[in-house]
Amino acid sequence: MSLMEHGGVPIRPVTAVAWTSNSSTCPKDFTLINITEDGAAANFTRSFAMKSGYYLCYSKDLSGGMVVSDIQVISDKEAIPHGYCYIAEHLEPKASVWKKKRVCVRLVPVGSVDTAVLDIRLTAKSKMMLQHYTCVGDIHGYVMWSRKGQFSGPMPQAKPRSVSLDLHRLSLEQPGPPLPLRPSNPPPLPPGKFSKRRSNLQTTDTVDKAADNSSIYGITAIDGVPFTLHPKFDVQTNSTTPHLNSQLNNIRIKSLQDIENEYNYTFAVEESAAKRTRPSVPTGGAL
């Protein structure tokens with residue numbers, strides 16, 4: 001769909017057809033047909049007694065996304081074809097169009113067809129023929145002609161972009177946003193203020209990073225609390241309790257085999273009970 005008219009102008013299809021009373025009521029982006037191809041005034045009057053009438057107009061504005069794929073003239077006794085609609089009326093108050101014959105069009109999305117109505121012309125009722133045009137029908141003393149063919153679609157328009165905004169996004173010198181406070185990235189302390197306990201906590205935290213490095217739920221209530229033995233159970237400091245020290249020294253660590261030998265159970269009682277036979281109970285006989 002890259003056809004060009006003479007002079008390199010893209011061929012645009014007709015997108016709407018309507019009736020209008022005059023140029024003041026003609027919608028924006030519409031072209032009013034005020035003269036026929038054989039030089040007569042293209043004023044559709046209802047009767048000879050009326051001096052004012054109405055005109056045919058059409059638009060080629062593709063902003064609506066629809067094109068006219070066909071145009072027909074039908075009488076008031078004919079049913080409108082399926083998929084067609086009567087053309088709009090942009091008339092002055094109390095004005096109306098002739099109803100004996102009416103113009104109807106078929107509107108389709110611009111991307112669904114390759115051919116559409118490209119132009120509309122009018123001639124007075126005569127034997128005049130228009131080349132490359134098809135006769136649509138006669139209406140109120142005029143003959144309507146249409147030209148169909150392939151058309152060129154709307155040219156894509158590049159969206160304006162801000163160069164400064166793009167450069168700002170691509171800049172590598174801009175610092176990133178600060179990370180949220182987590183156990184893995186605590187706020188830095190000023191130099192020379194580290195204590196021994198703080199150093200131990202940081203070492204423990206580094207080891208625990210592999211377990212949970214993204215959630216605060218990995219921290220427990222005893223993290224960072226130093227472990228010390230109660231003086232009552234400290235052998236080195238509590239020399240006044242020799243009895244306790246002797247008990248601690250006599251503790252014997254049992255092996256797995258020692259534990260199995262000590263708590264070995266053969267289930268002999270259960271096996272003998274299971275092997276016992278129950279006495280048979282007679283089902284009948286004399287008492």
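Refer to the structure presented above.
So, how was this worked out
Residues numbered from 1 in each chain as written. Predicted model: local features only at pLDDT ≥ 70, side-chain atom pairs only at ≥ 80, totals over all residues. Heavy atoms only, no water. Helix = DSSP H or I, 4+ residues; strand = E, 2+ residues; numbered from the N terminus. Buried < 20%, exposed > 50% of the residue type's maximum accessible area, 1.4 Å probe, protein only. Areas by Shrake-Rupley, 256 points an atom, 1.4 Å probe, with all protein chains shown as cover. Core = buried A, V, L, I, M, F, W, Y, C linked by side-chain atoms within 4.5 Å. Contact = heavy atoms within 4.5 Å. 1 Å grid on protein atoms, 1.4 Å probe; cavity = no way out; pocket = protein on both sides within 12 Å on 5 of 7 lines; lining within 4 Å. Points joined across faces, edges and corners; volume = space filled by probe spheres on them. Nonpolar A, V, L, I, M, F, W, Y, C, P; charged D, E, K, R; others polar. Pairing = 2+ DSSP bridges. Polar contact = N/O pair within 3.5 Å; in protein donor to acceptor, adjacent residues only side chain to side chain.

## Notes on the overall build of the protein
On a plain count of helices and strands, the protein comes out with 5 helices and 10 strands. Looking at the protein as a whole, 22% of its 287 residues qualify as buried. As presented, the protein carries roughly 22100 Å² of accessible surface, and 57% of it is formed by carbon and sulfur atoms.

## A word on the nonpolar core
Within the largest apolar cluster, 24 residues are counted, with the highest numbers of intra-cluster contacts made by Trp19, Leu56, Ile120 and Met144. Put simply, the parts of the chain that give this core at least two residues each are strand 1 (16-20), strand 3 (55-59), strand 4 (66-75), strand 7 (101-109), strand 8 (115-124), strand 9 (134-139) and strand 10 (142-150). Setting aside residues no more than four positions away along its own chain, Trp19 makes contact with Phe44, Tyr54, Tyr55, Leu56, Ile87, Ala88, Glu89, His90, Leu91, Val97, Val103 and Ile139. By size, the runner-up hydrophobic cluster in this structure holds 8 residues, among which are Ile11, Ala116, Leu118 and Phe151.

## Remarks on the side chain of Thr15
On the secondary structure map, Thr15 appears in the segment before strand 1. Once you skip the residues sitting within four places of it in the chain, Thr15 turns out to touch Ser59, Lys60, Asp61, Leu62, Met66, Val67, Val68 and Leu107.

## Points about empty space enclosed by the protein
This structure, assessed with the given rule, holds 1 cavity of 30 Å³ or more. Computed from the structure, the largest cavity encloses a volume of approximately 50 Å³. What lines the largest cavity is simply Trp19, Tyr86, Ile87, Glu89, Val97, Trp98, Lys101, Arg102 and Val103. Top element by residues in the lining of the largest cavity is strand 7. It accounts for 3 residues. The residue makeup of the lining of the largest cavity, split by class, is 6 nonpolar, no polar and 3 charged.

## Observations concerning the pairing of strand 3
A large share of strand 3 lies buried, amounting to 5 of its 5 residues. Judged by which residues are buried, strand 3 turns out to be covered on both faces: Tyr55, Cys57 and Ser59 on one side and Leu56 and Tyr58 on the other are all buried. Looking at chain direction, strand 1 and strand 3 are connected through 5 bridges and run antiparallel. If you follow Ala16 over to strand 3, its bridge partner there is Ser59. By the bridge criterion, 4 bridges tie strand 2 (residues 30-33) to strand 3 in an arrangement that is antiparallel. Looking at strand 3, one finds that Ile33 is bridged to Leu56.

## A short note on the environment of Val117
Examined against the element boundaries, Val117 turns out to sit in strand 8. Residue classification places Val117 among the buried residues on the basis of a relative accessible area of 0%. For the pair Val117 and Ser146, spaced 29 residues apart in sequence, the C-alpha to C-alpha distance is 6.6 Å. Look past the residues within four positions of Val117 in its chain and what remains in contact with it is Pro13, Val14, Val68, Ser69, Asp70, Ile71, Ser146, Arg147 and Lys148.

## Quick look at unusual backbone geometry
With glycine set apart, most residues show a phi of negative sign, and most peptide bonds adopt trans. The residue Lys94 is not glycine, and still its phi comes out positive at about 70 degrees. Positionally, Lys94 belongs in the loop between strand 6 (88-90) and strand 7. The backbone phi angle of His132 is positive, close to 65 degrees, even though this residue is not glycine. Relative to the elements of secondary structure, His132 occurs in the loop between strand 8 and strand 9. A relative accessible area of 68% means that His132 is categorised as exposed.

## Some details on the side chain of Ser59
Take Ser59: it is sitting in strand 3. With relative accessibility at 4%, the residue Ser59 sits in the buried group. Among the polar contacts listed, one links the side chain of Ser59 to the backbone nitrogen of Asp61, at a separation of 3.2 Å. When residues no more than four places from it in sequence are discounted, the contact partners of Ser59 are Pro13, Val14, Thr15, Ala16, Asp29 and Phe30.

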